[in-house]
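Structural overview
As a plain string of letters, each chain reads:
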Amino acid sequence: MPRLTAKGRATRERILQTAADLILQHGVTSTSIEDVRAAAGVSGSQMTHYFQDKRHLVKDVIAWQAQSVLSQHRAPELGELDSFTALRLWADLHIQRQEQRECQGGCSFGSLAGQLVESDLETRGDLAVGFRQWLELFHRGFTLMRDHGDLIQSANPESLAQALLAAMQGGMLLTQTLRDVAPLRASLDAVLTYVGTFAADPDAAAKALRVRLPAASRAGKGNT
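Residues numbered from 1 in each chain as written. Predicted model: local features only at pLDDT ≥ 70, side-chain atom pairs only at ≥ 80, totals over all residues. Heavy atoms only, no water.

Re the nonpolar core
Formed by 67 residues in total, the largest nonpolar core has its most connected members in Ile15, Leu57, Leu87, Trp90, Trp134, Phe138 and Phe142. Of all the elements, helix α4 (residues 54–73) adds the most residues to this core, at 8 residues. (Core = buried A, V, L, I, M, F, W, Y, C linked by side-chain atoms within 4.5 Å. Buried < 20%, exposed > 50% of the residue type's maximum accessible area, 1.4 Å probe, protein only. Helix = DSSP H or I, 4+ residues; strand = E, 2+ residues; numbered from the N terminus.)

Side note on the packing of aromatic side chains
In total, this model carries 5 aromatic pairs according to the counting rule given. Ring geometry for Tyr50 and Phe51: centres 6.4 Å apart, planes at 55 degrees, overall tilted. Like Phe51, Tyr50 is buried. Their ring planes at 85 degrees and their centres at 5.2 Å tell us that Tyr194 and Phe198 sit as a pair that is edge-to-face. According to the relative accessible area criterion, Phe198 is buried, its value standing at 1%. Here the aromatic cluster, defined as three or more aromatic residues joined through ring pairs, consists of Phe109, Phe131 and Trp134. (Phe/Tyr/Trp six-rings, centres within 6.5 Å; stacked < 30°, edge-to-face > 60°.)

Focus: the pattern of salt bridges
Taken as a whole and judged by the stated rule, the model has 10 salt bridges. A salt bridge links Arg12 to Asp60; the nearest nitrogen and oxygen atoms lie 2.9 Å apart. Here Arg12, found in helix α1 (residues 6–26), pairs with Asp60, found in helix α4; they are 48 residues apart in sequence, far enough to count as distant. Take Arg12: its relative accessible area is 19%, and that puts it in the buried class. Taking the shortest distance from any N to any O, the salt bridge between Arg55 and Glu122 comes out at 2.8 Å. Here Arg55, found in helix α4, pairs with Glu122, found in helix α7 (residues 121–148); they are 67 residues apart in sequence, far enough to count as distant. (Salt bridge = Lys/Arg side-chain N within 4 Å of Asp/Glu carboxyl O.)

Quick notes on helix α10 (residues 202–209)
Those residues of α10 lying buried are Pro202, Ala205, Ala206 and Leu209. Projection of α10 onto a plane perpendicular to its axis shows the buried side chains occupying an angular sector of 100 degrees, all on one side. Opposite the packed face of α10, turned more than 90 degrees from it, sit the exposed residues Asp203 and Lys207. Of the surrounding elements, those touching the buried residues of α10 are α5 (84–100) and α9 (182–196). Looking one or two residues past α10, Arg210 carries a phi angle of roughly 55 degrees, positive in sign. (Arc of directions from axis to C-beta. Contact = heavy atoms within 4.5 Å.)

As for the packing of α1 against helix α2 (residues 33–40)
Where α1 contacts α2, the two axes come as close as 9 Å, and the packing angle between them is 120 degrees. One element, α1, and the other, α2, form an angle in the oblique class. The handedness of the crossing between α1 and α2 comes out as right-handed. The segment α1 lies against α2, with Arg14, Ile15, Thr18, Ala19 and Leu22 engaging Asp35, Val36, Ala39 and Ala40. By residue class, the composition of the contact of α1 with α2 is 6 nonpolar, 1 polar and 2 charged. (Axes fitted to C-alpha atoms, helices over the stretch in contact; angles between N-to-C directions. Parallel < 35°, antiparallel > 145°, perpendicular 65-115°, else oblique. Left-handed = near helix turned anticlockwise from the far one by under 90°. Nonpolar A, V, L, I, M, F, W, Y, C, P; charged D, E, K, R; others polar.)

Re the packing of α5 against α10
Helix packing geometry: the angle between the two helix axes and the distance between the axes. One can describe the packing of α5 onto α10 by two numbers: an axis separation of 8 Å at closest approach and a directional angle of 25 degrees. Classed by the angle they form, the pair α5 and α10 counts as roughly parallel. The chirality of how α5 crosses α10 is right-handed. Contacts between α5 and α10 involve Phe84, Thr85, Leu87 and Arg88 from the former and Ala205, Ala208 and Leu209 from the latter. Residues that form the contact of α5 with α10 fall into these classes: 5 nonpolar, 1 polar and 1 charged.

In structure tokens, the structure reads:
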């Protein structure tokens, strides 16, 4: 992209947000360049100035959507997701958003991945980059928790990050399909319980996470 003015950046951002919303509502194949142009209120020349064709638009929507999701996870109240309290709040916020949306839409990035992951290797690679950035955010939080002494030393931040994201994605899909927030709540509670089994202080972790930890965790365990 050429260097853009502030107005140009705002216009491009508006187009990307509009495209992301339309794709989430109608799917990639049912969303045309003309649909995006009309909804964003821009001219055809503006569309071609910022995006060569639909393929380039979709590629940029993937990157935009990934950054949008990451921005939500970097909200000030969540800190660096490096405490049991922050993890509980993170889960509660996801549940609240689904309740407010009446369980429609699911995860914006996960829904996009579901539509595009098998379309071609380049697209799958773009989606993988987004998920890896997401995993890295969780990985850093768990690493800090272990460094702070909140998690036992045998806790594996990479494994915990993967479990957290997988539980969230699976719960979101079921909640979206069934129009019921219960699957998301159950999956997040389950993965937070699993994270809590690696707590250095299980009682404090159980209180912060608002879950009941297995009795076995109180004796300490390795990450297997």
